[in-house]
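An overview of the molecular structure
Below are the chains, spelled out letter by letter.
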Amino acid sequence: MIFDSELDYLADLGIDRVALASNSIPLQLMWLRAGAGLGIAHAFAMPFAPELVPVLPEIALTRSFWLIRHADDARSARLTRFAEALVDGLRAEVARLEAAPVPR
C-alpha cells in the first residue's frame, strides 16, 4: 500500500517482504510497543513511545513531504493563507516532536 516510492524504506534496505506491514504510523508504533519486532519509526512519533529503544541510531532515513494544491487555488488569498498556516504549523510541530528527548 505504498503510494509513493519515497516511502519505500524496505527497498532502501534491500528487503523485499516483512511479516507485518502497514502504512499507518500509529499501527506501526502499536506493533513495536507490543513487541512485534524491529521497525523503522518516525522521529516525530518517538516521544509517544518512550519505552522503545533505538538499536541503530546512526542510521537515518530522510523523506520530504509536499503540499500539492490545484492551480485554481493560487487565485484565492484565503486558500493561500490557509496553506501557509498549515505548512508553518506542521513544520513547527515536527520540529517540536523531533526535539523531544528520546530515552536510550
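My aim in this report is to walk through the structure given alongside it, one point at a time. (Residues numbered from 1 in each chain as written. Predicted model: local features only at pLDDT ≥ 70, side-chain atom pairs only at ≥ 80, totals over all residues. Heavy atoms only, no water.)

1. Some words on the overall build of the protein
Regarding its fold elements, the protein presents 3 helices and 0 strands. Ordered by position from the N terminus, the helices and strands of the protein form the series α-α-α. When burial is assessed residue by residue, the protein has 12% of its 104 residues classed as buried. The contacts in the protein between residues at least 6 apart in sequence include a share of 40% that link residues at least 24 apart. Approximately 8400 Å² of the protein is accessible, and the part contributed by carbon and sulfur atoms is 61%. (Helix = DSSP H or I, 4+ residues; strand = E, 2+ residues; numbered from the N terminus. Buried < 20%, exposed > 50% of the residue type's maximum accessible area, 1.4 Å probe, protein only. Contact = heavy atoms within 4.5 Å. Areas by Shrake-Rupley, 256 points an atom, 1.4 Å probe, with all protein chains shown as cover.)

2. Re a nonpolar patch on the surface
Where nonpolar side chains cluster on the molecular surface, the patch consists of Leu 13, Ile 15, Val 18, Leu 38, Ile 40, Val 55, Leu 56, Ile 59 and Leu 61 and spans about 790 Å² of accessible area. Within the fold, Leu 61 resides in the loop between helix H2 (25–33) and helix H3 (77–99). Accessibility expressed as a relative area gives 32% for Leu 61, which makes it partly exposed. (Patch = residues over 30% accessible without salt bridge, like charges linked within 9 Å, V, L, I, M, F, W, Y side chains within 5 Å. Salt bridge = Lys/Arg side-chain N within 4 Å of Asp/Glu carboxyl O.)

Keep in mind these numbers describe shape, not what the thing actually does.
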